[in-house]
Amino acid sequence: MEALTHNLLLTILLLLASLSPIAAQEDGIEIYSFTMDTRIISRFSRTTITSIVVNRAKKAQQATFQVEMPPKAFITNFSMTIDGVTYPGKLKEKAAMTRGQHGRVIETTEKRLEQFHVSVNVDPAANATFELVYEELLKRHLGKYELMLMVQPQQLVKQLKVDIYIIEPQGISSLENDITFMTKNLEDALTKTQNKTEVHIAFKPSLAQQQKEPRKLNTVVDGKFIVRYDVDRGTAAGGIQIENGYFVHNFAPTELPVLPKNIVFLIDKSGSMAGRKIKKTKAALIKILDDLRPEDHFNMITFSGHVTRWKPVLVPALDEHLKQAKIFLSNTPALGVTNVNGAVLAAVSMLDESNKKKELPEGSVSMIILLTDGDSTEGETKLQKIHENVKAAIRGRYHLFCLGFGFDINYVFLERLALDNGGMARHIFEGLDAELQLQDFYQEVANPLLTKVEFQYPDDAVELLTKDSFGVFFKGSELVVAGKLKPQVQDLPSAHVRGKSSNQTFTFQIEVNTTNEEKDFQRGKNISHSFLERLWAYLTIQQLQEKVVLASGSELQRLEARAVNLSLNFNFLTPFVNMIVNKPKDQDQPQLAEKPVEIDHEKLKIEQTRPGRLRFQRKRIMIQQPTEPRRSPPALEPRLSSLEEASPTSVSSTESFRSKERAPHFMLALITPNADSKEFLCVDIKGSPYRSLSLISDPVQGIEVTGKYKDFMDTFSWIQVSYRSPEVQVYVTQNNIAVIRGHGQERKSNSFQWHRAFYFGLNGLKMTLENRVLMLRAPQKVTIGLVSLNNLTPELRLFLLDPGYFSEKVSGVLGQFYQDLYCSSLANNKLELKVMGNTYTMTKKFVVDYQDGGESASMPRLLCWSLEHSLKDGKTS
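Below: a short report on this structure. What you are looking at is a predicted structure, and each value in this text was computed from that prediction instead of being measured.

The rules behind each value
Residues numbered from 1 in each chain as written. Predicted model: local features only at pLDDT ≥ 70, side-chain atom pairs only at ≥ 80, totals over all residues. Heavy atoms only, no water. Helix = DSSP H or I, 4+ residues; strand = E, 2+ residues; numbered from the N terminus. Buried < 20%, exposed > 50% of the residue type's maximum accessible area, 1.4 Å probe, protein only. Contact = heavy atoms within 4.5 Å. Areas by Shrake-Rupley, 256 points an atom, 1.4 Å probe, with all protein chains shown as cover. Expected span 1.5 Å × (residues − 1). Arc of directions from axis to C-beta. Disulfide = S-S within 2.5 Å. Axes fitted to C-alpha atoms, helices over the stretch in contact; angles between N-to-C directions. Left-handed = near helix turned anticlockwise from the far one by under 90°. Nonpolar A, V, L, I, M, F, W, Y, C, P; charged D, E, K, R; others polar. Pairing = 2+ DSSP bridges. Phe/Tyr/Trp six-rings, centres within 6.5 Å; stacked < 30°, edge-to-face > 60°. Lys NZ or Arg CZ within 6 Å of the ring centre and 35° of its normal. Core = buried A, V, L, I, M, F, W, Y, C linked by side-chain atoms within 4.5 Å. Salt bridge = Lys/Arg side-chain N within 4 Å of Asp/Glu carboxyl O.

### A closer look at the overall build of the chain
Right, so step 1: Scanning the chain from terminus to terminus reveals 13 helices and 53 strands.
Right, so step 2: Here the chain, with 877 residues, has 56% of them falling under the buried criterion.
Right, so step 3: In the chain, of all internal contacts separated by at least 6 residues, the share reaching a separation of at least 24 is 68%.
Right, so step 4: Carbon and sulfur atoms make up 49% of the accessible area of the chain, which totals about 37800 Å².

Written out as structure tokens, the structure is:
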């Protein structure tokens, strides 16, 4: 009996030991409940994410709510409830923003998603509830509608649930799930019920099912929860739904022949494409060539400073030509500058010549696919002039598709170029799946079915139509038109769609019957009765965004004003408005939520912040965190002796603070005779936009620092710090950080984002990220600080501490300043600096000191010796 009792007690103790870590979170903040609820009706989705957290610690703790969402989604509501008091987010015009609203909370991630991130302090034993709601019109892609939810609770959750309801009056023809974190242990947590027009998918894992390992806090639930489906199509003319005075028309005919196409591939082979970019491009194009049909015609043009035609004319996609094209691709190096204007005009000329000779099939679709990673630096370089030249050459006859490769491209220019010439633009993010992104884009445009598609409705029945004419319709996609019925009109009796296929004009007619569909809509659980009105508003704003890209002057102001009104009326967080995220009065200032958009570099050059105008940016996020005091450089052997002879008091601090302060590209700690005197040299660089610069090279220290300057942004698009021992590369862009260890099959990498603090140690090398400052420290080595300034557009900066550890063999654009320096005094408290055969003039002035990070406006100022002229490739410009 005693043995039995002992065994039972032991079993209970083991069970309690295995369960206790699940409930007790290390940081004191426990996510008690995390739910994601999505309702879809007629492709329009509404997702509500609710997180309830409890502070189990004995002191106040910071609770963080962080979720990722699709970039096309519009946030419609965010609120925090703390100790029973609700703090709702409020939409306002951008012109109505006030000072002091810091801590921006939305950014674009490397996964091409948008991340919402907010933190708040929670008292001991108190709780907080976060609720975020966003809406999106699902796009039909390669024959499927796709809902993608990012389920990332980041810890074990007692009540974790995902609910998805779908109602499609046309009927659901296919349905599939793709859950990236699914395991055999989680299969029982997933349930699915379905009838002809409705689907309910539920995912409710227990704590044990969530655990990655027994008695560990790590959760296996971390990734994408994807639902793909399609609908029945009773008629080729599509389906029309009417509800509460609004209608939507979905058009996606399937029984049509694929039109032959004529494609000219324009491939940027400039020096900036070297390495992974050109390798991925070649691999993707080789697979794309295999997908061409014999009736298709194609050609390739590679360009850097010069334009090279593979063939003088387009040729049929026969095996012989495809084989030759692949050889041409494999022998294409990446070298030189970029001539976008010459390349596109050459492609247009090639299509013109083939059409003139009647070498292309009748009724075929002609398109140009441009792939580039940078601005034009050769030939015509003015973007507006390139735009005008291309539009005048194409004259609406061909479709131009622009693919922008990498993070530092001028995407708005490519989008403007494509939209104004019958195509679209796509951002190809540099990463392991870049090849798949390129292939995926091609599949979207590979099978044209109709051209010159027009939707027609009775003039006396409808108003406020969204876009109702389209240049081309591709297989697997869908054309969507929404509108409002005029007052007193209860029904839409019929509609027509006209389009061309080869030399034939097709007319599709649909008779509308709304009785059954109204009943289907009414069965939707908790779906807004005005969902079609919201769908119409959503689609209208999306199309206004495209029009804004092309507009200017009074037309631009009119479009922006309409977009602002729609955004405020329907409570959509769009690029035209902001959301103020309020917090308790005793905590941080209100935070600013802005919809990330691509930066328009042309407008950025002309005007930084013109009153009343929309300011474009890709990324806006800053969460204040405690700062860590930086180390002072040790007293080491002097190399510079004249700095102390110039008096810093001769500089007018008022003048410096108000008119001359800025954040220099580089702040270099200098080695002075007095160890207590900390002097810095501030340097700006204007490098070549198409090749990287060697900033620092020290073979004794085993440190290499390189970077690439982006002239239209006056910043560096990337900086890389490489260590020989341990073998580590730290690669930073304006938005992301990558830490790469080893090489070949032993190569491993980790990715981080600037706003999330971390500590990383490896064989003596310590990496600390805090307040958007990444510190790299190692014993007996120079300390390197990398900074992402949270300005209108994020900007990279670098500073150096402990410079006495550099060896006498240090070199590079910055490294030269740690060789033997010779200084002499000039008039007006200036110094003349001679190093490595170059002569520079320095003055002492106040600059923004970014060494501790934080918001740019609140950073301290520092007296710094500054070169009067920027360096260009190591010499003064």
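### Let's talk about helix α6 (residues 383–394)
Right, so step 1: Between its terminal C-alpha atoms α6 stretches 17 Å, which fits the 16 Å expected from 12 residues at 1.5 Å a residue.
Right, so step 2: Buried within α6 we find Leu383, Ile386, His387, Val390, Ala393 and Ile394. Looking down the long axis of α6, one finds its buried residues gathered within 140 degrees of arc, a one-sided arrangement.
Right, so step 3: Looking one or two residues past α6, Arg395 carries a phi angle of roughly 50 degrees, positive in sign.

### Quick look at the state of the cysteines
Right, so step 1: The full count for this structure, using the stated rule, is one disulfide.
Right, so step 2: The side chain of Cys682 participates in a disulfide bridge whose partner is Cys864; the two sulfur atoms lie 2.0 Å from each other. As the torsion about the S-S bond is roughly 115 degrees, the Cys682-Cys864 disulfide counts as right-handed. One end of the pair, Cys682, is in strand β36 (residues 680–683); the other, Cys864, is in strand β51 (residues 861–867), and 182 residues separate them in sequence.

### Description of the packing of helix α3 (residues 276–291) against helix α8 (residues 434–445)
Right, so step 1: Between α3 and α8, whose axes approach to 8 Å, the crossing angle comes to 30 degrees. Crossing angle aside, the handedness with which α3 passes α8 is right-handed. Residues Lys280, Thr281, Ala283, Ala284, Lys287, Ile288 and Asp291 of α3 touch α8, and the partners they reach there are Ala434, Glu435, Leu438, Gln439, Tyr442 and Gln443.
Right, so step 2: Split into classes, the residues belonging to the contact of α3 with α8 amount to six nonpolar, three polar and four charged.

### Things to note about the pairing of strand β37 (residues 693–698)
Right, so step 1: Of all six residues in β37, five are buried, a share of seventy percent or more.
Right, so step 2: Sheet analysis places β37 next to strand β38 (residues 703–710), joined by five bridges and oriented antiparallel. In the sheet register, Ser694 faces β38, and the bridge partner there is Thr706.
Right, so step 3: Here β37 hands over to β38 after four residues, with Gly702 in that stretch at a positive phi of 70 degrees.

### Focus: the sheet that holds strand β18 (residues 246–251)
Right, so step 1: Reading across from one edge, β17-β18-β29-β27 is the order of the four strands in this open sheet, with antiparallel pairing throughout. Looking at strand neighbours, the two that pair on one side only are β17 (239–243) and β27 (462–463), the edges of this open sheet.
Right, so step 2: Note: β18 against strand β29 (residues 479–485), six bridges, orientation antiparallel. Each residue of the ladder has a partner; that of Asn250, found in β29, is Val480.
Right, so step 3: In this fold helix α10 (residues 531–550) packs onto β17, β18 and β29, with an angle of close to 65 degrees to the strand it touches most, β18.

### Looking at the environment of Phe806
Right, so step 1: Mapped onto the secondary structure, Phe806 falls in the loop between β47 (795–801) and β48 (822–826).
Right, so step 2: Under the relative-accessibility criterion, Phe806 is labelled buried at 4%.
Right, so step 3: Distance from Phe806 to Tyr818, taken between C-alpha atoms, is 7.2 Å for residues 12 residues apart in sequence.

### Observations regarding the packing of aromatic side chains
Right, so step 1: All chains considered together, the criterion is met by 29 aromatic pairs.
Right, so step 2: Among the aromatic residues, ring-to-ring pairing joins Phe44, Phe74, Tyr246, Trp536, Tyr538, Phe570 and Phe572 into one connected group.
Right, so step 3: The lysine or arginine in question, Lys311, covers the ring of Trp310, its NZ or CZ lying 5.2 Å from the ring centre.

### Quick look at unusual backbone geometry
Among all residues save glycine, negative phi is the norm, and among peptide bonds the norm is trans.
Right, so step 1: For the peptide bond that leads from Ser725 to Pro726, omega is 0 degrees, which places it in the cis range.
Right, so step 2: Tracing the backbone through its elements, the reader meets Pro726 in the loop between β39 (715–723) and β40 (728–733).
Right, so step 3: Despite not being glycine, Arg43 shows a phi value in the positive range, around 75 degrees.
Right, so step 4: Checked against the element boundaries, Arg43 lands in the loop between β1 (29–41) and β2 (44–55).
Right, so step 5: Even without being a glycine, Asp83 presents a positive backbone phi close to 50 degrees.
Right, so step 6: Counting through the fold element by element, Asp83 comes out in the loop between β4 (74–82) and β5 (85–88).

### Quick look at the environment of Ser33
Right, so step 1: Looking at the element boundaries, Ser33 is found in strand β1.
Right, so step 2: When neighbours within four sequence positions are excluded, Ser33 is seen to be in contact with Thr50, Ser51, Ile52, Val157 and Gln159.

### Details of the sheet that holds strand β14 (residues 190–194)
Right, so step 1: If you trace the eight strands from one edge of the open sheet to the other, you get β5-β4-β9-β2-β1-β12-β15-β14, paired in mixed fashion. The open sheet has two free edges, formed respectively by β5 and β14, since each of these has just one partner strand. Across the sheet, the mean angle from the axis of one strand to that of its neighbour is 10 degrees, orientation sign disregarded.
Right, so step 2: Packed onto the sheet, α10 meets β1, β2, β4 and β9 (127–137) and runs at close to 75 degrees relative to β9.

### Regarding the environment of Lys845
Right, so step 1: Considering the arrangement of structural elements, one finds Lys845 in strand β50 (residues 838–848).
Right, so step 2: Look at Lys845 and you get partly exposed, because its relative accessible area is 26%.
Right, so step 3: When the C-alpha atoms of Lys845 and Cys864 are compared, they prove to be 5.6 Å apart, with 19 residues separating the residues in sequence.

### Focus on the pairing of strand β25 (residues 425–428)
Right, so step 1: Every second residue of β25 is oriented toward a common face, with Ala425 and His427 on one face and Arg426 and Ile428 on the other, all of them buried.
Right, so step 2: Of the strand pairs in this sheet, strand β24 (residues 399–405) and β25 are connected by four bridges, and their pairing is parallel. The partner of Gly404 across the bridge, within β25, is His427.

### So, the nonpolar core
Right, so step 1: One finds Phe78, Phe116, Phe130 and Phe225 to be the most contacted residues of the largest nonpolar core, which totals 87 residues.
Right, so step 2: For this core, the element with the most residues is α10, which contributes 10 residues.
Right, so step 3: Sequence-distant contacts of Phe130, that is, excluding residues within four places in its chain, are made with Ile49, Thr50, Ser51, Val53, Ala63, Phe65, Phe78, Ser79, Met80, Val118 and Val120.
Right, so step 4: Val705, Val732, Phe758 and Met842 belong to the second largest nonpolar core, which has 52 residues in total.

### Some points on the side chain of Asp163
Right, so step 1: Take Asp163: it is sitting in strand β12 (residues 159–167).
Right, so step 2: Those residues in contact with Asp163, other than ones at most four positions away along the chain, are Met36, Asp37, Thr38, His200, Ile201 and Ala202.

### So, the pattern of salt bridges
Right, so step 1: In the structure shown here, the tally under the stated rule is 31 salt bridges.
Right, so step 2: Here Glu146 and Arg228 are joined by a salt bridge, their closest N and O atoms 2.9 Å apart. Linking Glu146 in strand β11 (residues 144–151) with Arg228 in strand β16 (residues 223–231), this pair joins segments that are 82 residues apart in sequence.
Right, so step 3: Judged by its relative accessible area of 34%, Glu146 is partly exposed.
Right, so step 4: The closest approach of N and O atoms between Arg233 and Asp230, which form a salt bridge, is 2.8 Å.
Right, so step 5: Connected via shared salt-bridge partners are Arg43, Arg140, Glu168, Asp230, Arg233 and Glu478.

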